[in-house]
Amino acid sequence: MATTTDGTTAAPPPAQADPYALRAEDARPAPETFGGRVRHLGPGLVLSAAVVGSGELITTTSLGAKAGFALLWLVIVSTAVKVWVQMELARWTILNGRPALDGFRDVGPRIGRLSWINWLWIGMDFAKMFQRGGIIGGTAAACSILLPIHGAALSTSSLTIWAIIVTGAAILILQTGKYPVVERVEVIGITLKTIITFGLALALPFTAFGYGPEQFADGLSFQIPAGTVGIALAMFGITGVGADEMTTYTYWCLEKGYARWTGPDDGTEERAQRAEGWLKVMRLDVAVSWVICTICTLSFFVIGASVLHPQGLVPEGNGMITTLSHIYTDTLGPWAEYLFLAGAIAVLFSVTVASSASVPRLWTNTLGLLGVINWKDMRVRTRTIRILTCCLPPVWMCIFLWVQSPVLMVQIGGIGGGIFLLAVVVAVWRLRYTGVPPRFRANPWLTAALVMSSAAILFLGVYGVLDTLELTPGS
């Protein structure tokens, strides 16, 4: 107890509430107005900042550069169909107060302490390390071109030094490990990305690289041109809300407070109404995130198809940044290279920050499920997250310095995410009928949307795998 200046004893400050624990005293009614719900948005904006980065700037732009407008339909489908699975998984989390990886363990069969889906996530995350390394590499390449070290842009020494600086900066930003810090950084990032990217896409018709209705009609013909299956599969796995982002979203919903404010399930009508209110906030949060992701993804694709494809330019290797810079220099003039580099650094670095914040949480939860740590102990959980925040980004950086091909690395992560997405669909349907009361799944429109979303994901996922096997020599 602290003593005040007048000699009285002051009460200690209240302990920080554990966002992963449901207590009756933390429950609060959800806002009933649209404005009130808007003020409680956040997890979807963090997710958008993580999504609109490597997939859009690198993979989606590369797809547009390689296929032209022909795969526009796949971009639209990729961003639209996953939202409903994300929403379903988040609903289960808010009603149960448990993150996704915890729920996946309930979907048998189990192998040891974990479900097959948990083990698949672990395998997928190792593939994703290549993607995250590619993002760090892309950021370092942009920094190296903008401010070369030792006088040579993209030299090994310049890339190495900048990769170390980028990784260190991300770790320093996240040292507190608190959700509000992540939210503030990522909201600024996604706002800048959306304005810059959408503005450039709208300006293209006034340049030599304009587009018209005929290009869009061709892009909605539901065709996959020869030679684009691999990058199309990677794009489907990585653009829009991927399986790992869906999983991560449940942790951000918990840390924002949606489940804690709903409170434990005591069987009362009051709790059910609170749950319905906070689920409405979550659905608005998902909708805003989807709109932002769709706008940015379509903008990147249109830019690649309009500017790079006619010139036969496809981003590859460490020269990816230089190739992508043609988007700006060929439309606005040589001076715009600096604008592009600044934008690329902002886009890719915000993704690095988001990954450095989210992945340690998922690995900490996995260590808890394996019995290595006590996940429910907030001090142990927080300490483990901080340790992993310092340890994992340098690993991703080292993978980049070893491979040094950001486009390939991002595609490897995208394919891994596409495969894991199929497992998440299975898990969502299982959890829907074991952890969501009938009252909260009675809406026929949401059910129909989930059915169509699941069917589209399964069809495109299986089609992509089979088509890839047919193109493999000797298969």
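The name given to the protein in an unreviewed UniProt entry is Manganese transporter NRAMP, with Streptomyces bingchenggensis as the source organism. Turning to the protein, the UniProt record has this under Subcellular location (unreviewed entry): "Membrane".

Below, the discussion takes up unusual backbone geometry. Between Gly108 and Pro109 the backbone carries a cis peptide bond, its omega angle lying at 5°. Its place among the elements puts Pro109 in the loop between helix H5 (100-104) and strand S3 (110-111).

Glancing now at the pattern of salt bridges. Under the defined criterion, the tally for this structure stands at 13 salt bridges. For Glu25, the salt bridge identified is with Arg23, shortest N-O distance 3.5 Å. Judged by its relative accessible area of 59%, Glu25 falls in the exposed class. The exposure class of Arg23 is partly exposed, given its relative accessible area of 36%. Notably, a salt bridge pairs Arg98 with Asp102, separated by 3.1 Å at the nearest N-O pair. One network of salt bridges, in which partners are shared, links Arg23, Glu25 and Asp26.

The next subject is a nonpolar patch on the surface. A cluster of nonpolar residues, Ile188, Leu192, Ile195 and Ile196, forms a patch on the protein surface that exposes about 380 Å² of accessible area. For Leu192, the position within the fold is in helix H8 (residues 179-203).

Criteria and cut-off values
Residues numbered from 1 in each chain as written. Predicted model: local features only at pLDDT ≥ 70, side-chain atom pairs only at ≥ 80, totals over all residues. Heavy atoms only, no water. UniProt positions renumbered as here; feature names shortened; annotations may be inferred. Helix = DSSP H or I, 4+ residues; strand = E, 2+ residues; numbered from the N terminus. Salt bridge = Lys/Arg side-chain N within 4 Å of Asp/Glu carboxyl O. Buried < 20%, exposed > 50% of the residue type's maximum accessible area, 1.4 Å probe, protein only. Patch = residues over 30% accessible without salt bridge, like charges linked within 9 Å, V, L, I, M, F, W, Y side chains within 5 Å. Areas by Shrake-Rupley, 256 points an atom, 1.4 Å probe, with all protein chains shown as cover.

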